[in-house]
2 protein chains.
Amino acid sequence: MASTSSDSGMAALKLTEDPPKAEGAAPVAAKPDKKAKERKDQKVAAKPKGEKQPQQAKKKMGEPELIGITVSKSEDLSEWYQQTIIKGDLLEFTDVPGCYIYQPGSYRIWEYIQEFFNARIRKMGVKNCYFPIFISEANLQREKDHLEGFAAEVAWVTEGGKTKLEKRLAVRPTSETAMYGFYSKKIRSHRDLPLKLNQWNNVVRWEFKHPMPFIRSREFLWQEGHTAHLTEEEAGKEVRQILDHYAAIYEDLLAVPVVKGKKTVNEQFAGAHYTTTLEGYIPAVGRGIQAATSHCLGQHFAKMFDITVEDPNQQVKEGEKREKLYVWQNSWGFTTRSIGVMILVHGDDKGLIIPPRVADIQVAIVPVGVTAKTTDADREKLYDEIKRIGATLEENGVRVDCDFREGYSPGYKFNDWEMKGVPLRIEFGPKDSEKSQVTTSRRDQEGKSTIPLSDIAAEIPKLLETIQHDMFAKASEEYAAHRKLIREWKDFVPNLNQKNVIIVPHCATGECEDEIKKDSSGQVEGQEVDVRAPSMGAKSLCIPDEQPEEIGEGTHCINPKCEKGAKMWVMFGRSY
Amino acid sequence: MASTSSDSGMAALKLTEDPPKAEGAAPVAAKPDKKAKERKDQKVAAKPKGEKQPQQAKKKMGEPELIGITVSKSEDLSEWYQQTIIKGDLLEFTDVPGCYIYQPGSYRIWEYIQEFFNARIRKMGVKNCYFPIFISEANLQREKDHLEGFAAEVAWVTEGGKTKLEKRLAVRPTSETAMYGFYSKKIRSHRDLPLKLNQWNNVVRWEFKHPMPFIRSREFLWQEGHTAHLTEEEAGKEVRQILDHYAAIYEDLLAVPVVKGKKTVNEQFAGAHYTTTLEGYIPAVGRGIQAATSHCLGQHFAKMFDITVEDPNQQVKEGEKREKLYVWQNSWGFTTRSIGVMILVHGDDKGLIIPPRVADIQVAIVPVGVTAKTTDADREKLYDEIKRIGATLEENGVRVDCDFREGYSPGYKFNDWEMKGVPLRIEFGPKDSEKSQVTTSRRDQEGKSTIPLSDIAAEIPKLLETIQHDMFAKASEEYAAHRKLIREWKDFVPNLNQKNVIIVPHCATGECEDEIKKDSSGQVEGQEVDVRAPSMGAKSLCIPDEQPEEIGEGTHCINPKCEKGAKMWVMFGRSY
């Protein structure tokens with residue numbers, strides 16, 4: 001199995017707390033017409049509750065009411081998240097729990113990720129392809145560990161039209177078993193290696209309790225790469241290359257910091273030789289989150305699917321056959337979960353903040369200072385100037401929306417673009433025109449600035465890059481501040497409760513991890529805790545590549561009950 | 001429903017003859033390991049049967065045997081098709097009938113289509129998005145005609161993990177019912193119009209007898225566009241714009257000629273206001289093939305899903321409510337069937353011919369004249385020259401493969417690239433080096449030419465465009481030569497039997513079409529016919545936009561039993 005949103009198994013999922021109220025939300029479909037209409041009307045009529053929305057005072061006559069995010073991110077993250085993704089036009093619920101509509105706002109981000117990643121893997125010789133969504137049961141069962149890992153979450157098709165199928169078909173939860181029969185046929189000689197295929201598709205994993213949009217859904221979008229190599233060394237090199245590309249998507253595109261590492265044996269994919277991983281961090285709840293994984297599968301699947309070549313390096317006498325070698329395989333996956341991580345990391349009480357590089361609209365230009373007294377001619381002149389500003393920016397590679405919507409006040413438009421996370425707003429009114437300048441407002445910071453009109457072609461793209469950089473820097477600082485080096489068990493749970501992930505000396509055995517998970521759940525007596533912080537136990541997130549220092553001889557494992565010595569530094573945390 | 005590969009209904013499908021032997025092919029998966037291995041060995045050992053393969057004589061020591069296409073295209077199209085797509089590395093069968101593996105060779109073509117079409121629809125303001133693959137039964141049933149049209153071919157998920165689902169879920173056959181509940185919620189005012197969404201996804205249609213790779217499969221890839229407009233006029237304009245884009249994909253990218261037209265009422269999608277269509281032609285069997293459709297759905301779905309706005313153009317008194325308008329909707333779809341049409345139109349007895357604009361490898365450079373006597377130094381020198389040629393071409397936007405594979409003769413490589421349809425081969429040996437030239441061989445024509453090395457940067461890209469142009473011209477001539485204007489019933493069936501599609505004066509009623517279909521099936525006594533030509537009845541393919549001439553007052557319908565006068569020219573044909 002390649003990396004997935006529910007990769008690390010059921011245990012973790014069952015521990016999830018604060019289930020988002022997702023499934024309680026009104027589905028957008030399958031309602032009788034009348035009720036749908038009523039709901040629609042209610043939505044429009046509903047008053048904003050909770051916090052006062054800034055800049056929403058001056059309502060225009062006949063202007064639809066904009067209902068902002070009504071809870072603060074720090075107060076109720078799951079409610080904030082749900083409102084933010086829906087009001088920010090990223091996602092919509094359906095009447096099928098755990099299956100979501102990816103609106104253009106989020107799908108466009110996925111397309112930017114696809115473009116970025118495709119360019120990189122093409123250079124590595126990886127080719128895109130497509131394998132069927134249905135896998136026969138016989139095929140799925142071929143690899144026992146694999147089947148066990150997925151049996152609980154496979155959706156089965158049993159009927160076609162009005163006929164019951166003779167043999168039920170699995171909707172792919174991942175494509176190892178769909179693909180490796182083909183690999184066995186395709187790879188006849190060492191000349192056919194390496195074989196590097198990737199597909200962008202949808203997969204379905206049915207069995208879990210609390211779906212959460214983007215983060216953990218029953219259907220999700222991803223890419224799954226599957227490659228076969230002659231040697232372990234070559235396979236290992238690729239595993240790391242891919243992990244670097246994944247990190248680049250997070251850090252360079254989504255402005256989200258990640259920690260690179262390897263999974264402990266307990267957390268690696270069953271059947272994998274080893275699993276490398278990116279671990280992210282959600283500050284609002286102080287939880288870690290698995291961001292993407294790249295596995296070396298070793299020769300395990302090759303043995304099950306009989307994927308072999310003759311050893312090209314073996315010296316044999318004439319007529320003698322060379323030994324048969326099992327190929328070394330990798331699989332690696334990156335999912336739409338990444339969009340959820342991006343939202344959780346950057347968003348604020350006003351809604352989304354989209355990093356400029358993946359923002360479909362990078363700059364919204366809003367006309368201001370147009371009043372009832374403005375003549376048609378003056379307004380037209382202003383709009384023409386705005387159009388020219390928009391055109392100049394577009395010529396310089398900036399994605400712009402000139403917001404000429406009628407019947408909406410500037411205040412409404414400001415809030416609307418803020419909620420949607422557009423990274424930069426330009427305001428332009430008669431006063432700006434007089435001074436030959438634009439007024440800018442960054443989504444990631446308070447306050448306004450001005451830029452001379454003559455400089456916008458150079459300055460706006462630069463400013464967008466600054467925003468991108470600052471967003472990453474801010475998130476990185478936050479993550480660094482909450483990644484604590486802990487040497488004593490007494491500091492373990494208190495640090496979790498202070499929303500940290502922690503790096504500890506550890507023996508690297510599974511039993512000890514399980515014990516720590518058990519012992520770190522629940523609250524600590526006498527310590528004041530955030531009631532919204534999850535009290536689940538901590539699990540090992542990864543063995544960070546960057547080990548803080550050498551583990552000295554005789555160093556104790558962090559777990560006081562453990563008598564094995566510490567072998568390495570392991571990052572633990574409460575986790576999604 | 002948007003346009004589909006099985007769009008024109010079950011009736012047509014049941015008439016299909018000569019089912020490809022697809023499902024009899026050895027599946028690549030779900031076999032016990034031993035058998036898979038035996039099959040693999042057999043494949044390698046099998047001798048080519050049937051026709052002698054050209055240029056395959058000089059086999060190199062230890063070189064794997066290349067087994068070319070063993071039947072001619074004109075002799076046995078379905079066997080030719082199956083061999084061509086498999087040996088050309090475009091597709092592979094699986095153990096799930098009707099579900100196929102799209103290898104990189106074909107998937108890359110799909111990506112070129114995606115890039116081309118995305119660029120065009122983005123300019124029209126269409127946004128990409130993603131809706132779930134599962135549709136609740138309640139939702140699917142909401143539009144009765146729609147449900148009836150699909151009931152026979154819906155695949156149902158009834159089990160999740162080890163649990164039976166309370167309510168079964170449809171795997172989307174198309175997404176109207178998945179999307180339009182969302183449209184009802186999203187469209188609250190005329191300001192929200194037009195709403196233009198598109199998705200690239202996989203759909204499943206289960207119930208039909210004879211799947212054929214690309215042409216008619218149970219799972220296929222497509223894009224489905226769904227838009228909502230304030231007026232019929234605006235919707236109608238878009239329907240035609242999209243049809244033009246579809247025609248451009250066929251003609252400008254795939255070099256496949258199509259005829260634009262409108263479906264008769266009999267053949268249009270049930271529930272659509274009207275359906276526009278592209279009709280292609282497969283010369284080898286003289287059958288028409290529906291290439292893509294763009295529907296105006298009218299207000300039918302809007303009424304079922306309650307998608308309304310207040311009429312912005314209605315004058316009302318203060319306090320009075322404006323009338324509610326149902327929106328006008330379109331849906332339009334383009335599928336992976338197009339790749340099958342491309343293969344059927346262009347391929348020849350050597351295998352695939354891929355048009356340069358969608359060829360992943362446009363030029364294969366094969367070293368020649370390297371013998372046992374060639375020194376290592378000389379060979380290295382030659383290879384370096386080839387690398388420089390490759391680099392020069394790549395710098396000029398040409399997609400190149402320098403074929404340095406060891407252990408294969410030039411003859412083997414020639415055949416291999418021919419089978420894979422690479423549009424241009426460059427041969428380069430010591431003699432070419434001496435003369436400072438490359439030898440070229442076009443895939444679409446016999447014979448070789450030379451180009452001075454100094455000219456390749458300009459000449460090769462030009463030559464590729466010439467090949468693209470010539471392929472389209474050849475296919476266009478062939479289609480034009482087999483599109484016959486027929487005025488008398490006595491010429492109807494004989495012309496079908498001569499592999500023509502025919503344009504006839506027609507009354508444009510459904511009953512008359514049915515009668516023609518019945519009366520045109522089977523062979524005509526006394527006439528010599530191609531035994532491989534299908535004897536199915538002819539159906540109306542489209543009302544061509546280009547009407548050959550005005551229908552005179554009192555012109556009879558082509559059907560002698562019909563007493564209604566002819567209203568228009570209609571294209572009829574045997575069809576996929």
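Residues numbered from 1 in each chain as written. Chains lettered and ligands numbered in written order. Predicted model: local features only at pLDDT ≥ 70, side-chain atom pairs only at ≥ 80, totals over all residues. Heavy atoms only, no water.

Trainee: Can you walk me through the nonpolar core in this structure?
Mentor: Where a protein is soluble and globular, its nonpolar side chains tend to be buried together. Core analysis: the biggest nonpolar cluster contains 156 residues, and Phe134, Leu254 and Ile343 of chain A together with Phe134, Leu254 and Ile343 of chain B have the highest contact counts within it. Not counting residues within four places of it along the chain, the set of residues in contact with Phe134 of chain A comprises Val157, Leu169, Ala170 and Val171 of chain A together with Val96, Cys99, Val171, Val204 and Trp206 of chain B. (Core = buried A, V, L, I, M, F, W, Y, C linked by side-chain atoms within 4.5 Å. Buried < 20%, exposed > 50% of the residue type's maximum accessible area, 1.4 Å probe, protein only. Contact = heavy atoms within 4.5 Å.)

Trainee: Help me understand the sheet that holds strand β19 (residues 448-452) of chain B in this model?
Mentor: Residue and element names in this part refer to chain B. If you trace the five strands from one edge of the open sheet to the other, you get β16-β15-β17-β18-β19, paired in mixed fashion. Whereas interior strands pair on both sides, the edge strands pair on one side only; in this sheet they are β16 (400-402) and β19. Mean inter-strand twist for the sheet, computed between neighbouring axes without regard to direction, equals 25°. Relative to strand β17 (residues 424-428), strand β15 (residues 363-367) runs parallel, the two sharing five bridges. (Pairing = 2+ DSSP bridges. Helix = DSSP H or I, 4+ residues; strand = E, 2+ residues; numbered from the N terminus. Axes fitted to C-alpha atoms, helices over the stretch in contact; angles between N-to-C directions.)

Trainee: Help me understand helix α11 (residues 376-395) of chain A, please; the structure alone is not making it clear to me.
Mentor: Since the α-helix packs 3.6 residues into each turn, any two residues three or four apart lie on the same face. Residue and element names in this part refer to chain A. Along its 20 residues, α11 runs 28 Å from first to last C-alpha, staying within 8% of the 28 Å computed at 1.5 Å per residue. The set of residues buried in α11 consists of Leu382, Tyr383, Glu385, Ile386, Ile389, Gly390 and Leu393. Mapping the buried residues of α11 onto a view down its axis gives an arc of 155°, with all of them on the same face. Turned more than 90 degrees from where α11 packs its buried face, Asp376, Ala377, Glu380, Arg388 and Glu395 sit exposed. The inward-facing, buried residues of α11 abut β15 (363-367), β16 (400-402), β17 (424-428), α13 (430-435), β18 (437-442) and α14 (456-481). (Expected span 1.5 Å × (residues − 1). Arc of directions from axis to C-beta.)

Trainee: Got a minute to help me understand the domain arrangement of chain A in this structure?
Mentor: Many structure descriptions define interface size as the accessible area lost when the parts assemble. Domain assignment breaks chain A into domain 1 (77-312 + 323-346), domain 2 (363-464) and domain 3 (483-573). Measuring from the centre of the C-alpha atoms in domain 1 of chain A to the corresponding centre in domain 2 of chain A gives 41 Å. (Domains from an automatic or database assignment.)

Trainee: Hey, could you run me through the pattern of salt bridges in this one?
Mentor: Where charged atoms from two side chains of opposite charge come close, those side chains can pair. Residues and elements named next belong to chain B. A full pass over the atoms with the stated rule returns 69 salt bridges over all chains. For Glu137, the salt bridge goes to Arg168, with nearest N and O atoms at 2.9 Å. One end of the pair, Glu137, is in helix α5 (residues 137-140); the other, Arg168, is in strand β6 (residues 163-171), and 31 residues separate them in sequence. Looking at Glu137, the relative accessible area reads 23%, which means it is partly exposed. What makes Arg168 partly exposed here is its relative accessible area of 25%. (Salt bridge = Lys/Arg side-chain N within 4 Å of Asp/Glu carboxyl O.)

Trainee: How do you make sense of helix α14 (residues 456-481) of chain B when you look at a structure like this?
Mentor: An ideal rise of 1.5 Å per residue puts 38 Å on 26 residues; α14 of chain B measures up with 36 Å between its terminal C-alpha atoms. Of the residues making up α14 of chain B, those classed as buried are Ile456, Ile460, Leu463, Leu464, Ile467, Gln468, Met471, Ala475, Ser476 and Tyr479 of chain B.

Trainee: Even after reading the chapter, I still don't get the interface of chain A and chain B, so can you show me in this structure?
Mentor: Each side of the interface is counted separately: chain A has 81 residues, and chain B has 81 residues. When the two sides are added together, the surface that chain A and chain B hide from each other amounts to roughly 6600 Å², 53% of it contributed by carbon and sulfur. Viewed at the interface, chain B and chain A are joined by ten salt bridges. The residue Arg122 of chain A makes a salt bridge to Glu111 of chain B at a minimum N-O spacing of 3.2 Å. For the pair chain A and chain B, the interface holds 32 residue pairs in polar contact (both at pLDDT 80 or more). The class makeup of the residues in the side of chain A that touches chain B is 37 nonpolar, 16 polar and 28 charged. The pairing of strand β5 (residues 155-160) of chain A with strand β5 (residues 155-160) of chain B spans five bridges and is classified as antiparallel. Across the sheet, residue Val157 of chain A finds its bridge partner in β5 of chain B, namely Val157 of chain B. (Buried area = accessible area lost by both parts, 1.4 Å probe. Polar contact = N/O pair within 3.5 Å; in protein donor to acceptor, adjacent residues only side chain to side chain. Nonpolar A, V, L, I, M, F, W, Y, C, P; charged D, E, K, R; others polar.)

Trainee: I would appreciate a short explanation of the pairing of strand β10 (residues 274-282) of chain B in the present structure.
Mentor: Along any regular strand the residues' side chains alternate between the sheet's two faces. Residue and element names in this part refer to chain B. Among the nine residues that make up β10, nine are buried, leaving the element largely enclosed by the rest of the structure. Of the two faces of β10, both are covered, the one formed by Tyr274, Thr276, Leu278, Gly280 and Ile282 as well as the one formed by Thr275, Thr277, Glu279 and Tyr281. Here strand β9 (residues 259-262) runs beside β10; their pairing, made up of four bridges, is antiparallel. The partner of Gly261 across the bridge, within β10, is Thr277. Judged from the nine bridges that link them, β10 and strand β11 (residues 287-298) form a sheet pairing that is antiparallel. Bridge pairing in β11 links Glu279 to Gln290.

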